[in-house]
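A structural walkthrough
Listed here are the chains, written in short residue letters.
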Number of protein chains: 2
Amino acid sequence: MTARQRPSAAQRWVLGVDSGGSGVRLALARLDDDGQPRPPEFTHATNEPVRTGPAGIDAAHLLAQLVPAVRDFAEHGDVVAACVGATGMASLGGDLRDRLPGALRAEFGVHRLALAADAVTAYAGALGMRAGSVVAAGTGLIALGTGLDRSGWRRADGWGQLLGDCGGGAWIGRAGLEAALRAYDGRAGGSAALLARLEAVFGPAPTLPGLLYPRSDRPALLASFAPEVARCAQNDPVAAGILRTAARHILESAAAVRPGPESAEVALTGGLFNIGEPLLGPLREQSPQLLPEARLLMAECDPLHGALRIAAALSYGDLPLPADGALLTTNEAHRSPERAANRCEPRQTGPTGSGISPDPPGKAR
Amino acid sequence: MTARQRPSAAQRWVLGVDSGGSGVRLALARLDDDGQPRPPEFTHATNEPVRTGPAGIDAAHLLAQLVPAVRDFAEHGDVVAACVGATGMASLGGDLRDRLPGALRAEFGVHRLALAADAVTAYAGALGMRAGSVVAAGTGLIALGTGLDRSGWRRADGWGQLLGDCGGGAWIGRAGLEAALRAYDGRAGGSAALLARLEAVFGPAPTLPGLLYPRSDRPALLASFAPEVARCAQNDPVAAGILRTAARHILESAAAVRPGPESAEVALTGGLFNIGEPLLGPLREQSPQLLPEARLLMAECDPLHGALRIAAALSYGDLPLPADGALLTTNEAHRSPERAANRCEPRQTGPTGSGISPDPPGKAR
């Protein structure tokens, strides 16, 4: 790298990484005049989830996927800052925190690096650098909120599928399968419609335990049934009840992390919300009661773009999101929380743009 | 065994076996003049659960525990009939059904053998050979009912801790831990009392996922918290609500397996009911609505005694419980269902004897 020419300002790149259960995604983007990341010019994805070893998430395994992909592009300009978001960063990020700063500096001259829990990159993707609350829901569910002040982050749920993740994909799918099996048994609370979907998807009901319990990805299998629950909800009161309860749990988690009543924005992000109106309708209905004064929004962007936003803010030494030993660490001094403000204008690249429309565009199926 | 003398009639023994998650228990008993098993004169227990292999529950491993223990006593008399009850018999009993009849005939000259799901031995322990319904609940929960007629067995729940076992020990414990973590997060529906118990039992709340998820016996760990929920129920409305819902689920399972409105007896069996009034109270309260006309009883005896009862009935060629390829198989023709009647007088050796007293003996703690 010593033979390279010094790139121009327009060749300053930021690197965002999103490491999760389905693999590693990364993006390289240039910054616009406002210091915001432009649409990425290079993206790369692997379908190899980073291994977890005795020291936690394996930094060497992440680097083995990251470095060759980034190296090609490092010839085009300086990577001035990076943000690596990873599932499990809070509890299993020790090896990443030990090794990534040195490795990325040595490889690409990256001096400014943020290591973030995936919930934090989801937050930054959903709300940018603004105060508020974000519920991130896929198979699981976690809520994060911050007033961008010294009180730091508030967190709710994210306890995993046995202890919580209430209202997430595995929770909804599990509740739907239970209702199907209640119908099979002739117990109260059963749904013949959900039983029909169970049998269509998994085969005869008695075979389901043998399919589910031996698997290591039980939550994913449970979550795969959530769209079936949504599909049944229009005509089946049991399925509709499950989604109404899920919506209540989602709003309860959002309420627990609101930094204050003046923080009006509550953003929803993650694949769960792709099921659309069957869940968004109950969320709108119950929001006035459970989240008074709140404005419910769909996320602006995804967690990978959130990582780019964090890297961009860091490149200016101006990251307003609170530092936190588990959720968000940097190798640069954080900007003082008191100076925090809303400096990032959101880009509208999320699936539905801004607010949840007050009325559904039509009968959801 | 060829050198043995022919034993007298009073030396006719029946063998009962209960193979479950904590090991193998067996008992040998003589029969009284009514053909009922007397109190066992020999019992033996191992703490080695029988292995499950590719062919299901490993018959050789069960025999290795069974044969040496029984051999000592076979010198004292003929084992005229046996019943082996095993957890998983319904789905994993193929190897047992293939090998046990021949092996027990060769070893001890046992010509009459019943192989039963543990729910069936629990039924026979709880109600003897009478028609009715039994809910067996420990870590999990399953309900079985029969009218002793051609319609056979009715079964409800028993789907395991992710899909059902609603109202069982793991279900109650899991609900209690969720309520504790809701309090930790500041979400609605939390219980500070349960959070205090969680921290006393497991340590700081954030460490719980790391304790629970890597274990293979997650249901047992969840169920270990059920007594804590019961302990809190007197003063904590959230804990009381969990037990009220558990009681509803238990009664719903019982209702689903009632062979008919004239089958008044519904017996409760298994370790879960040791938590006493905090659960029995809500069961009594909701029973008139969910199980109209039913008489709720505690089990007369445990599943091991149920196995002895089945072996005794079989020794007379007079087993009224319905044959079922998964739940109950014998190597003798079953008695014709139409002749089924209540020939066994119950012995009162269960923890509380007969009915659930209409009023608690005192304030439960």
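Under an unreviewed UniProt entry, the name given to chain A is BadF/BadG/BcrA/BcrD ATPase family protein, and the organism recorded is Streptantibioticus ferralitis.

Among the ten residues in helix H4 (residues 118–127) of chain B, nine count as buried, and that is most of the element. Phi turns positive one or two residues past the end of H4 of chain B, at Gly128 of chain B, with a value near 65°.

So, on to the packing of helix H5 (residues 169–185) of chain A against helix H6 (residues 192–202) of chain A. The geometry of a pair of packed helices is captured by two quantities: the angle between their axes and the separation between those axes. All names here are of chain A. For the pair H5 and H6, the least separation of the axes is 7 Å and the interaxial angle reads 105°. In terms of orientation, H5 lies roughly perpendicular with respect to H6. Between H5 and H6, the contacting residues are Gly176, Leu177, Ala179, Ala180, Leu181, Ala183 and Tyr184 on the first element and Ala192, Leu194, Leu195, Leu198 and Phe202 on the second. Here the residues of the contact of H5 with H6 sort into eleven nonpolar, one polar and no charged.

On to the pattern of salt bridges. Inspection of the entire model under this criterion finds 39 salt bridges over all chains. Here Arg130 of chain A and Glu300 of chain A are joined by a salt bridge, their closest N and O atoms 2.8 Å apart. Placement of the pair is Arg130 of chain A in the loop between helix H4 (118–127) and strand S8 (132–137) and Glu300 of chain A in the loop between strand S12 (295–298) and helix H12 (303–315), with a sequence separation of 170 residues. When the shortest N-O distance is used, the salt bridge between Arg248 of chain B and Glu252 of chain B registers 3.0 Å. Residue Arg248 of chain B and its partner Glu252 of chain B are both found in helix H10 (residues 237–257); the two are separated by four residues, about one turn of the helix. Each of the salt bridges in this network shares a partner with another, and the network as a whole consists of Arg130, Glu265, Arg295, Glu300 and Arg309 of chain A.

All names here are of chain B. Where strand S11 (residues 265–269) meets strand S12 (residues 295–298), four bridges bridge the pair, whose relative direction is parallel. Within S12, the residue paired with Glu265 across the bridge is Arg295. In the classification by handedness, the crossover that spans S11, the intervening helix H11 (residues 277–290) and the parallel S12 is right-handed.

A rotation about some axis, followed by a shift along it, carries one copy of the chain onto the other. Of the two same-sequence chains, chain B is brought onto chain A (RMSD 0.0 Å, axial shift 0.0 Å) by a rotation of 180°. Both copies are brought into coincidence by an operation consistent with a two-fold rotation axis. Looking at the rotation axis and the C-alpha trace of chain B, the residue lying nearest is Leu162 of chain B, at 4.1 Å. A symmetric contact is evident, with 100% of the interface residues of chain B recurring at the interface of chain A.

Before going further, it helps to spend a moment on the sheet that holds strand S9 (residues 141–146) of chain B. What links the strands of a sheet is backbone hydrogen bonding, and the strands pair in either a parallel or an antiparallel sense. All names here are of chain B. Pairing within the open sheet is mixed, and its five strands lie in the order S10-S9-S8-S11-S12. Looking at which strands have only one partner, the edges of the open sheet turn out to be strand S10 (153–157) and S12. On average, each strand axis in the sheet is inclined to that of its neighbour by 20°, with strand direction left out of account. Of the strands in this sheet, strand S8 (132–137), S9, S10, S11 and S12 touch H10, which is tilted by about 25° from S9.

Right, let's talk about the sheet that holds S12 of chain A for a bit. Residue and element names in this part refer to chain A. Within the open sheet, the five strands sit side by side as S10-S9-S8-S11-S12. Their pairing is mixed. Looking at which strands have only one partner, the edges of the open sheet turn out to be strand S10 (153–157) and S12. The mean inter-strand angle of the sheet, taken between neighbouring strand axes irrespective of direction, is 20°. Here strand S9 (residues 141–146) runs beside S10; their pairing, made up of five bridges, is antiparallel. The residue of S10 that forms the bridge with Gly145 is Arg154.

A separate point is the environment of Leu26 of chain A. Residues and elements named next belong to chain A. Relative to the helices and strands, Leu26 is located in strand S2 (residues 23–30). When the C-alpha atoms of Leu26 and His305 are compared, they prove to be 9.4 Å apart, with 279 residues separating the residues in sequence. With sequence-adjacent residues up to four places away left out, Leu26 is seen in contact with Leu15, Gly16, Val17, Phe42, Thr43, His44, Leu66, Ala69, Val70 and Leu304.

Here we come to the environment of Met89 of chain A. Residues and elements named next belong to chain A. Within the secondary structure, Met89 sits in helix H2 (residues 89–92). According to the relative accessible area criterion, Met89 is buried, its value standing at 0%. Look past the residues within four positions of Met89 in its chain and what remains in contact with it is Ile57, Val84, Leu96, Arg97, Leu115, Ala116, Ala117 and Ala326.

One pass over the structure, following the stated rule, counts six aromatic pairs over all chains. Ring geometry for Trp159 of chain A against Tyr184 of chain B: centres 5.6 Å apart, planes inclined by 75°, an arrangement best described as edge-to-face. With Trp159 of chain A in the loop between S10 and H5 and Tyr184 of chain B in helix H5 (residues 169–185), this pair bridges two chains. With a centroid separation of 5.2 Å and an interplanar angle of 85°, the aromatic rings of Tyr123 of chain B and Trp153 of chain B are classed as edge-to-face. Here the residue Tyr123 of chain B occupies a position in helix H4, and Trp153 of chain B occupies one in strand S10, the gap between them amounting to 30 residues.

Time to look at the interface of chain B and chain A. At the junction of the two partners, chain B supplies 31 residues and chain A supplies 31 residues. Of the roughly 2,700 Å² buried between chain B and chain A on both sides combined, carbon and sulfur atoms contribute 61%. By the criterion of area lost to chain A, the three top residues of chain B are Trp159, Leu162 and Leu163 of chain B, representing 33% of everything that side buries. If you look at where chain B meets chain A, you find four salt bridges. Here chain B is connected to chain A by 22 residue pairs in polar contact (both at pLDDT 80 or more). Contributing elements (two or more residues each) for the side of chain B that touches chain A: S10, H5, helix H7 (208–212), helix H8 (218–223) and H10 of chain B. Tallied by class, residues from the side of chain B that touches chain A come to 17 nonpolar, five polar and nine charged.

Take H5 of chain B next. In an α-helix, one turn spans 3.6 residues; hence positions three or four apart end up facing the same way. Residues and elements named next belong to chain B. With 17 residues, H5 extends 24 Å from end C-alpha to end C-alpha; this agrees with the ideal 24 Å at 1.5 Å per step. Counting buried residues along H5, 14 of its 17 residues qualify, which places the element largely inside the surrounding structure. A positive phi of about 80° marks Gly186, the residue just after H5.

The rules we used
- Residues numbered from 1 in each chain as written.
- Chains lettered and ligands numbered in written order.
- Predicted model: local features only at pLDDT ≥ 70, side-chain atom pairs only at ≥ 80, totals over all residues.
- Heavy atoms only, no water.
- Buried < 20%, exposed > 50% of the residue type's maximum accessible area, 1.4 Å probe, protein only.
- Helix = DSSP H or I, 4+ residues; strand = E, 2+ residues; numbered from the N terminus.
- Axes fitted to C-alpha atoms, helices over the stretch in contact; angles between N-to-C directions.
- Parallel < 35°, antiparallel > 145°, perpendicular 65-115°, else oblique.
- Contact = heavy atoms within 4.5 Å.
- Nonpolar A, V, L, I, M, F, W, Y, C, P; charged D, E, K, R; others polar.
- Salt bridge = Lys/Arg side-chain N within 4 Å of Asp/Glu carboxyl O.
- Pairing = 2+ DSSP bridges.
- Right-handed = clockwise from strand over helix to strand, strands pointing away.
- Least-squares fit on C-alpha atoms with pLDDT ≥ 70 in both.
- Phe/Tyr/Trp six-rings, centres within 6.5 Å; stacked < 30°, edge-to-face > 60°.
- Buried area = accessible area lost by both parts, 1.4 Å probe.
- Polar contact = N/O pair within 3.5 Å; in protein donor to acceptor, adjacent residues only side chain to side chain.
- Expected span 1.5 Å × (residues − 1).

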